[in-house]
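Residue-level structure breakdown
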Amino acid sequence: MPLPFVLGFGAAVAGVTGVTKGIQGALKVNSANKTMKTAQEVHNQNLEKFENVSQSTYKKMDDLGKLELRILNQFEKFSDIIEKIQNRPQFQSFEREKCKLPSYDKEDLKKVSVGAGVLLGGLSGAALGTAGGFAAAGATTSAVMALGTASTGTAISSLSGIAATNATLAALGGGSLAVGGGGMALGTTILGAASLGIGLLVGGILFDVTGKKLSENANEAYDQMKKAENQINTICKYLNELDKVAKEYIASLKSVYKRYLNYYSRFSYIVNEDNKVDWNNFNEEERLVTQNTILLVQLLYKMCQVKLVKKSEGNEINEINTEDISETMDNVKEVMGYIEK
């Protein structure tokens with residue numbers, strides 16, 4: 001075979017081989033691009049799902065937190081009225097086989113009422129999930145914890161109105177500027193921090209994957225997407241369950257609060273309009289109204305005390321506190337049934 005022909009044939013073979021490898025390379029690039037595009041599209045869909053579910057749950061939990069704080073904030077008015085009654089008996093705690101409610105305590109009610117008012121005042125402009133964080137941790141406990149000591153040494157619980165709000169915000173900020181703390185500005189920032197509510201609602205499960213850009217390597221990007229998808233599905237399942245629990249709790253709380261407002265109105269009329277300020281002058285019906293009003297206050301106090309979630313440790317998701325929630329729902333049935341008799 002002549003040399004030129006051999007060289008030409010070799011060149012032709014090499015050319016075909018090169019074209020083949022080029023096609024294979026192009027196919028690989030095309031496949032990688034498709035994998036990347038698919039991974040990004042699915043990831044974006046997962047993020048959208050997470051955003052929708054989380055926004056819905058955080059808003060529902062915020063509704064619950066604000067409702068609990070509004071209820072607690074009303075207790076000082078009730079306490080002021082009952083303190084007008086002379087010769088009143090010592091109202092005991094309500095105890096049944098599966099139900100125990102705290103006894104009436106003037107100081108406790110005032111503390112929780114003032115604290116709730118302070119927290120409500122600080123929620124204006126606060127991040128989504130902040131009020132829900134109070135419900136998750138127990139609004140009663142959150143309200144009491146809001147009442148520390150002002151930089152002047154005066155107990156915040158003895159203050160009221162804007163003075164109480166300012167003192168508490170300063171306390172949250174580590175004290176007044178004069179004593180080296182962050183003052184009201186830092187307190188307001190802390191109250192409005194997204195982590196305050198979201199951390200208490202969800203816990204330490206990793207969210208960083210939802211905010212990271214996927215790898216530029218197709219296979220790695222797909223693996224990252226699947227990992228993120230599993231995390232998002234876990235979080236969304238938890239948030240959907242929490243949303244359902246919050247809805248049911250709100251409905252129960254509103255039902256009890258509505259009954260309380262009815263009795264409170266009658267109780268207030270007896271004392272403030274009929275001027276009955278001596279227990280000895282109360283007839284049987286008026287005494288029953290008073291006792292039922294107190295009982296409903298005790299129940300509401302207990303309901304707002306429940307922590308809806310159990311705080312997790314480390315990079316774990318919080319647990320819904322089904323045990324305490326179920327027990328409280330049983331308490332509601334017990335007390336409402338008792339009042340109906």
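Residues numbered from 1 in each chain as written. Predicted model: local features only at pLDDT ≥ 70, side-chain atom pairs only at ≥ 80, totals over all residues. Heavy atoms only, no water.

Scored by pLDDT, the chain comes out at a mean of 77, with 71% of its residues at no less than 70. Helix 7 (residues 183-192) is the least confidently modelled element of the chain, averaging 41 in pLDDT, while helix 11 (residues 284-305) averages 93, the highest of any element. Confidence drops under pLDDT 50 across residues 5-17; counting only partners more than four residues distant or on other chains, this segment forms 1 contact. Here residues 172-196 scores under 50 on pLDDT; set against residues more than four positions off or in separate chains, the count is 45 contacts. (pLDDT = per-residue confidence, 0-100. Helix = DSSP H or I, 4+ residues; strand = E, 2+ residues; numbered from the N terminus. Contact = heavy atoms within 4.5 Å.)

Turning our attention to the pattern of salt bridges. Evaluation of the coordinates by the stated rule reveals 5 salt bridges. Of the charged contacts in the structure, one is a salt bridge between Glu83 and Arg88, with a shortest N-O distance of 2.9 Å. For Arg88, a relative accessible area of 28% gives the class partly exposed. (Salt bridge = Lys/Arg side-chain N within 4 Å of Asp/Glu carboxyl O. Buried < 20%, exposed > 50% of the residue type's maximum accessible area, 1.4 Å probe, protein only.)

Any two packed helices are characterised by how steeply their axes cross, that is the angle between the axes, and by the distance between the axes. One can describe the packing of helix 2 (residues 75-82) onto helix 3 (residues 106-122) by two numbers: an axis separation of 8 Å at closest approach and a directional angle of 150°. Relative to helix 3, helix 2 is oriented roughly antiparallel. The hand of the helix 2/helix 3 crossing is left-handed. Counting all contacts with helix 2, which are made through Phe75, Glu76, Phe78 and Ser79, the residues of helix 3 involved are Lys106, Leu109, Lys110, Val112, Ser113 and Val114. A per-class count over the contact of helix 2 with helix 3 returns 5 nonpolar, 2 polar and 3 charged. (Axes fitted to C-alpha atoms, helices over the stretch in contact; angles between N-to-C directions. Parallel < 35°, antiparallel > 145°, perpendicular 65-115°, else oblique. Left-handed = near helix turned anticlockwise from the far one by under 90°. Nonpolar A, V, L, I, M, F, W, Y, C, P; charged D, E, K, R; others polar.)

Let us look at helix 2. Every buried residue of helix 2 is listed here: Phe75, Phe78, Ser79, Ile81 and Ile82. Down the axis of helix 2, the buried side of the element spans an arc of 160°, and every buried residue falls inside it. (Arc of directions from axis to C-beta.)

The subject of this paragraph is the nonpolar core. Among the nonpolar cores identified, the biggest contains 72 residues, and Met61, Phe75 and Phe78 are the most heavily contacted of them. Sorting elements by how many residues they give to this core places helix 10 (residues 218-273) first, with 19 residues. Those residues in contact with Met61, other than ones at most four positions away along the chain, are Ala131, Gly132, Ala135, Ala136, Leu201, Leu242, Ala246 and Leu308. (Core = buried A, V, L, I, M, F, W, Y, C linked by side-chain atoms within 4.5 Å.)

Right, let's get into the layout of surface pockets. To find the voids left in a structure, one rolls a probe of water-molecule size over its atoms. Volume-wise, the second largest pocket comes out at about 250 Å³. As for the second largest pocket, its lining consists of 13 residues, and the residues nearest its centre are Phe94, Gln291, Asn292, Leu295 and Tyr338. Sorting the residues of the lining of the second largest pocket by element identifies helix 11 and helix 12 (322-340) as the ones contributing at least two each. Sorting elements by how many residues they give to the lining of the second largest pocket places helix 11 first, with 6 residues. Class assignment of the residues belonging to the lining of the second largest pocket gives a composition of 7 nonpolar, 5 polar and 1 charged. (1 Å grid on protein atoms, 1.4 Å probe; cavity = no way out; pocket = protein on both sides within 12 Å on 5 of 7 lines; lining within 4 Å. Points joined across faces, edges and corners; volume = space filled by probe spheres on them.)

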